Amino acid sequence: MSQEEKEIIILCQKGQLDNFVVLYEKYFKKIYAYVFFKVGQQSITEDIVSETFLQALKSIKGFDIKKAYFSAWLYKISQNKVNDYYRKRKINYSLDEIWELRADNNLLEEVQDKEEKDLLYKMIKDLKKSQQEIIILRVLQNLSYKEISAVIHKSEGACKMIFKRAIKKLKKQID
Amino acid sequence: MEEKIKEEILNDLYETDSSLKKDEAEILKIITLILKTKNKVSYNNDYFGKLKKEIIQAIDKEKTSFERKHLFYKHLSYSLAVVCCCFLIIFLYPLFSQKDSKVLVVDNSQIIESTYPEAFGEISITKKDFVDGRGSGDISIMSEHQYKYILNDDYEINFDLAPTEVYKTMPSFNNFNRNINEIISLDSFENLQYSHISLTENKESPFSLYINYLNGSLTISKTMGNINSDINNISEEDILSLANNFINKHKINIDRYASPYINNNLSSSIAQVFYPQLIDNYLVYNDRGGFNSLQIDIDLNKNEVIALYNYNFNPYQASSYPIVNNKEHIQKYLNKLNQGNDPEQELLELNLIKPSFGLLKTFVPTDSVSETFHVPAIIFETDNDFQNKFVIPLLLSYHIEDVN
């Protein structure tokens, strides 16, 4: 977390909440993408992203700047919101199913090559939930292992190991 | 940018497992494919602006709420400050005011709670248990001579006037708790035992107060500097005034004490003023006929009070006991005493005159601590300078035990 970001957070915590807009602008795209990968639908993604930022605004005074990354904290909020979404609809969250069901929507439609589409689906389908999560956070969100560790509550070493196994599995599927 | 991400991911992987290097081409293919989906995720700009507006509105709402809360707490803190000031003025001012000092948290009223007859069980008194406030002693040992006690027939004894109750000194914990409980609930603490308080004035040559709640006594003494033995000429009247002024200044309640008398030893630089103790309006005596007294010491060089000793504020429990109610018993008691004299030694006749009744302070040892009782007694004046008073306990059991 940069010094500038820390200062912005401290100002927010002191009641100067106008500064929160800076954080929103910085993280909107990342959080949107993260949620979209998890739910696959634009309208649902928008609802969850809105809830995530409004919740963060409300709770920023309780954020411990010494202990956590703001990015990880924000991902965690959105992750909880996604879980809430599936819990409320009594649907078991499964990334491969989401991608399969939403195959006609814009998540995969831009992957023009049919072979590539099939390959991507095949890759995601057999991964464990924790492996899918780390693929999203590490490759798509470009989070560091420290940040990933804070979001999924596993050690950095464990996160690295999960990612390595996920890659090995994907390689096998390609073979 | 994308290339940099790929490179970082690869480096992390090789750090974990260097054997993956040989599969770099396949791994890069996988990462590239996943990253392709990333580039295709687009969001609606209107939505981005709409959410931003929503956040700004929420911030404004939050700020208004914060300002309202801040204003409320500001007003609340002012109000509380005013209330606290009023509280401090109303409740604490009297404690520190010279005029209405209540620093001495003592109960000045004499509390005597009556209980059933002979409630204290057998009270066996021997002469050695007599108390003079500074230790006990046997009359025969204390005296240099042997006495023959003679009861003067010129005086009638009206036993209707005699006290009939034994007064037992009770611990004053409850008395203390009653006062302090107006400030804090001592009952909420476990097995709390209060024994004494020490207080000292914050000034040069201060008075120190020692309040003992176990025996219900108060001592006040001044820390002395250099003692000057020069003595001012001061009348007894002025000495009494100094003592009484000290008592009045500190609002020391002396309802439990009789009129004072002075022991002014001309060779001493300190005069002593005694206020004899009263229980139920009976004077309290020690075994040698001296009064159990509140004592005030006065420095005759500076003409000021330097100490107060033996102020008593404990409550009592009273229980009626059979007592001697005729002159014959007294005579029998005296005969018994006289019989114990050594016939070889010279006897001095001690005429017992002017009988009066009072209470004899005595200690009765128990398994743990000795208990203090004040038993009915008859007190005679004598014509002897060495022992000018003679005290006889009136408890019937004592006489039966002693005479038979």
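Whatever comes next refers back to the structure up there.
Below: a short report on this structure. In this text, all values refer to a predicted model and were calculated from it rather than measured experimentally. Counting restarts for each chain, with residues numbered from 1 along the sequence as it is written. Starting at A for chains and at 1 for ligands, labels are handed out in the order in which the entities are written. Given that the model is predicted, a residue must reach a pLDDT of at least 70 before its local features are reported, and side-chain atom pairs must reach 80 or more before they are shown or counted; all residues, however, enter totals for whole chains, interfaces and linings. Side-chain descriptors were evaluated using all non-hydrogen atoms of the structure, hydrogens and water having been removed beforehand.

It is possible for side chains bearing opposite charge to pair when their charged atoms get close. The salt bridge definition used is simple: a Lys or Arg side-chain nitrogen within 4 Å of an Asp or Glu carboxyl oxygen. Scanning all chains against the criterion turns up twelve salt bridges over all chains. With its nearest N and O atoms 3.5 Å apart, the salt bridge here joins Glu15(B) to Lys160(A). Note that Glu15(B) is positioned in helix H1 (residues 2-16) and Lys160(A) in helix H10 (residues 156-174), a pairing that runs across two chains. In this structure, Glu304(B) and Lys222(B) form a salt bridge, with 3.6 Å as the shortest nitrogen-oxygen distance. Only DSSP runs of H or I reaching four residues or more are called helices, and only runs of E reaching two or more are called strands; each is numbered from the N terminus.

Turning to the interface of chain A and chain B, a few remarks are in order. Residues are treated as being in contact if the distance between any of their heavy atoms lies within 4.5 Å. Between chain A and chain B, the residue contacts involve 45 residues of the former and 39 residues of the latter. Each of two parts loses accessible area, computed with a 1.4 Å probe, when they are put together; buried area is these two losses added. By the criterion of area lost to chain B, the three top residues of chain A are Tyr24(A), Val139(A) and Lys171(A), representing 13% of everything that side buries. Summed over the shared surface of chain A and chain B, the result is six salt bridges. In this structure, the salt-bridge partner of Glu25(A) is Lys52(B), at a minimum N-O distance of 2.4 Å. The term polar contact refers here to a pair of N or O atoms within 3.5 Å; inside protein, the definition further demands a hydrogen-donor-capable atom paired with an acceptor-capable atom, and it admits residues adjacent in sequence only when both atoms are side-chain atoms. The interface formed by chain A and chain B holds six residue pairs in polar contact (both at pLDDT 80 or more) in total.

Time to look at helix H6 (residues 236-249) of chain B. Residues and elements named next belong to chain B. One less than the number of residues in a helix, times 1.5 Å, gives the span that helix is expected to have. Its 14 residues place the ends of H6 20 Å apart at the C-alpha level, agreeing with the 20 Å of an ideal helix rising 1.5 Å per residue. Listed as buried for H6 are Ile239, Ala243, Phe246 and Ile247. Taken down its axis, H6 places every buried residue within 100° of arc, on the same side. Facing away from the buried side of H6 by more than 90 degrees, the exposed set consists of Glu237, Asn248 and Lys249. Its buried side turned inward, H6 meets strand S5 (207-212), strand S6 (217-222), strand S7 (261-263), strand S8 (270-276), strand S11 (293-299) and strand S12 (304-312). Looking one or two places after H6, you find lysine 251, whose phi comes out positive at around 50°. With a 1.4 Å probe rolled over the protein chains alone, any residue whose accessible area is under 20% of its type maximum counts as buried; one over 50% counts as exposed, and the rest are partly exposed. The reported arc concerns the directions from the helix axis to the C-beta atoms and nothing else.

What follows deals with the pairing of S11(B). Residue and element names in this part refer to chain B. When you tally the buried positions in S11, you get seven out of seven residues, the bulk of the element. The two faces of S11 match: Ser293, Gln295, Asp297 and Asp299 on one face and Leu294, Ile296 and Ile298 on the other face are all buried. By this definition, two strands are paired if DSSP reports at least two bridges between them. Note: S8 against S11, seven bridges, orientation antiparallel. Paired with glutamine 272 across the strands is aspartate 297, a residue of S11. Turn length for the S11-S12 hairpin, with the two strands adjacent in sequence and antiparallel, is four residues, and the turn residue asparagine 303 shows positive phi of about 50°.

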